[in-house]
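A structural walkthrough
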Amino acid sequence: MERVVSGIRSTGNLHLGNYFGALKNFIKMQDENECFFFIADYHSLTTHPTPENLHGNVRQVLAEYLAAGIDPEKATIYVQSDVPEVAELYLLLNMNAYVGELERTTSFKDKVRKNPNNVNAGLLTYPVLMAADIIMHNATKVPVGKDQEQNLEMARKFARRFNNMYNVEYFNEPEPFNFGESLVKIPGLDGTGKMGKSEGNGIYLIDDPKVIKKKVMKAVTDSGPTVPNSPVTESVQNLFTIMEIVSTPDTLQYFKDKYASCEIRYGDLKKQLAEDIVKVTTPIREKILDLASNGEYLRKVVKLGEDKARESAAKTIKEVREIIGFKPF
Ligand code: TYM
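Cut-offs applied
Residues numbered from 1 in each chain as written. Predicted model: local features only at pLDDT ≥ 70, side-chain atom pairs only at ≥ 80, totals over all residues. Heavy atoms only, no water. Near = heavy atom within 4 Å. Polar contact = N/O pair within 3.5 Å; in protein donor to acceptor, adjacent residues only side chain to side chain. Helix = DSSP H or I, 4+ residues; strand = E, 2+ residues; numbered from the N terminus. Nonpolar A, V, L, I, M, F, W, Y, C, P; charged D, E, K, R; others polar. Core = buried A, V, L, I, M, F, W, Y, C linked by side-chain atoms within 4.5 Å. Buried < 20%, exposed > 50% of the residue type's maximum accessible area, 1.4 Å probe, protein only. Contact = heavy atoms within 4.5 Å. Domains from an automatic or database assignment. Buried area = accessible area lost by both parts, 1.4 Å probe. Salt bridge = Lys/Arg side-chain N within 4 Å of Asp/Glu carboxyl O.

1. Considerations on the site of the ligand
Neighbouring residues of the ligand: 27 residues in total, closest Arg-9, Tyr-126, Asp-133, Asp-147 and Ile-186. Residue Gly-145 places a main-chain N or O atom 2.8 Å away from an oxygen atom belonging to the ligand. Residue Lys-197 places a side-chain N or O atom 3.3 Å away from an oxygen atom belonging to the ligand. Breaking the shell around the ligand down by element, the ones donating at least two residues are strand S1 (3–9), helix H1 (16–29), strand S2 (34–40) and helix H8 (126–136). Residue classes in the shell around the ligand are distributed as twelve nonpolar, nine polar and six charged.

2. Remarks on the nonpolar core
In terms of nonpolar packing, the biggest core is built from 56 residues, with Leu-23, Tyr-65, Ile-70 and Ile-277 touching the most fellow members. Broken down by element, this core gets its largest block of residues, nine residues, from helix H13 (residues 266–292). The residues touching Leu-23, leaving out its near neighbours within four places in the chain, are Leu-14, Asn-18, Tyr-65, Ala-68 and Ile-70. Among the nonpolar cores identified, the runner-up in size contains 41 residues, and Leu-93, Leu-123, Leu-124 and Ala-313 belong to it.

3. Considerations on the side chain of Asn-201
Residue placement: Asn-201 occurs in the loop between strand S5 (175–177) and helix H10 (209–217). Given the relative accessible area of 10%, Asn-201 is considered buried. Among the polar contacts listed, one links the side chain of Asn-201 to the side chain of Asp-190, at a separation of 3.2 Å. Setting aside its immediate chain neighbours within four residues, Asn-201 contacts Gly-188, Leu-189, Asp-190, Lys-194, Met-195 and Gly-196.

4. Notes on the domain arrangement of the chain
Examined at the domain level, the chain breaks down into domain 1 (3–185 + 294–324) and domain 2 (209–289). Between domain 1 and domain 2, the C-alpha centre-to-centre distance is 32 Å. Buried surface at the junction of domain 1 and domain 2, summed over both partners, amounts to about 700 Å²; 84% is from carbon and sulfur atoms. Sorting the residues of domain 1 by area buried against domain 2 places Leu-16, Phe-20 and Ala-67 first, and these three jointly supply 63% of that buried surface. Summed over the shared surface of domain 1 and domain 2, the number is zero salt bridges. Applying the counting criterion to the domain 1 and domain 2 interface returns zero residue pairs in polar contact (both at pLDDT 80 or more). Of all the elements in the fold, those that place two or more residues in the side of domain 1 that touches domain 2 are H1 and helix H3 (54–68).

What follows is the structure, encoded as structure tokens:
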């Protein structure tokens, strides 16, 4: 049995990238493994230190998590800031994280480039907090998308370094996980790059069918192949990649063949893709709307999760304190 941990920032609604990159894998794992899922509201402060509606965002993401299929009877689902032990482990791990290695992480460099006026220490130590989240429950597997690969590498490094520094075999080295061969990157529909909240190119699980159709119909393509079997451009490949996930293999093959024979009509491809996305999102969207208005249920779920997560966290903190040498007088 694996110990599984994963999380999502509370800065926006769930999009197809979150769902297919990470969440769907968690959901498949929850029946057979010990799973912890949380909403990373501390992390959200690294980029949005004064959020307009922190609580509302957390609540919405919680409803979306549950609607997508996380079962609070099987998995522990909680809010990061409900487990203050994570802040203590973060503090302790910060003592074995080096500024140089943190400055070199790609996501830090990206954030600095995008927002040079808010290069705060929390942003720099983002991977340390993430490592604390993960090793707090001594995770062995972490279902995440490709964009988190480097953060996971850091988590393994901090776990290993802790063991070496204190001469113990205490923390596991958590592995990133996907049921397929490798971690996935769901592309955006704007021609290049990944689908993301900050990229503003997301299709959200909460989007209604009309919005989805509009977004897909506006997706960037090219002027179309003119030579049979020509290589597929990135923007069109992105549509095929999403189609591979939401459509049947026959549908995908049909459009690939049309591309190869230069008969493809991107309008038809997009129409089909939008329909297939809507098929995936509609049942989830209906559940989100239902759950978001059920405050009593959400409260119950969060309390149950907090209790279970804190029990696991308290055990880790107690042992880590002993290992480092803190003792009661
Ligand atoms: P976040 O909130 O950006 O995204 C949550 C999860 O969704 C995945 N994801 C994607 N996967 C494939 N294609 C995409 N286009 C795409 N966009 C997002 C992410 O890889 C992630 O798995 N730092 C994390 C949150 C976090 C965390 C953790 C995750 C904090 N502590 C501990 C795992 C374990 C983040 O910002 O994810």
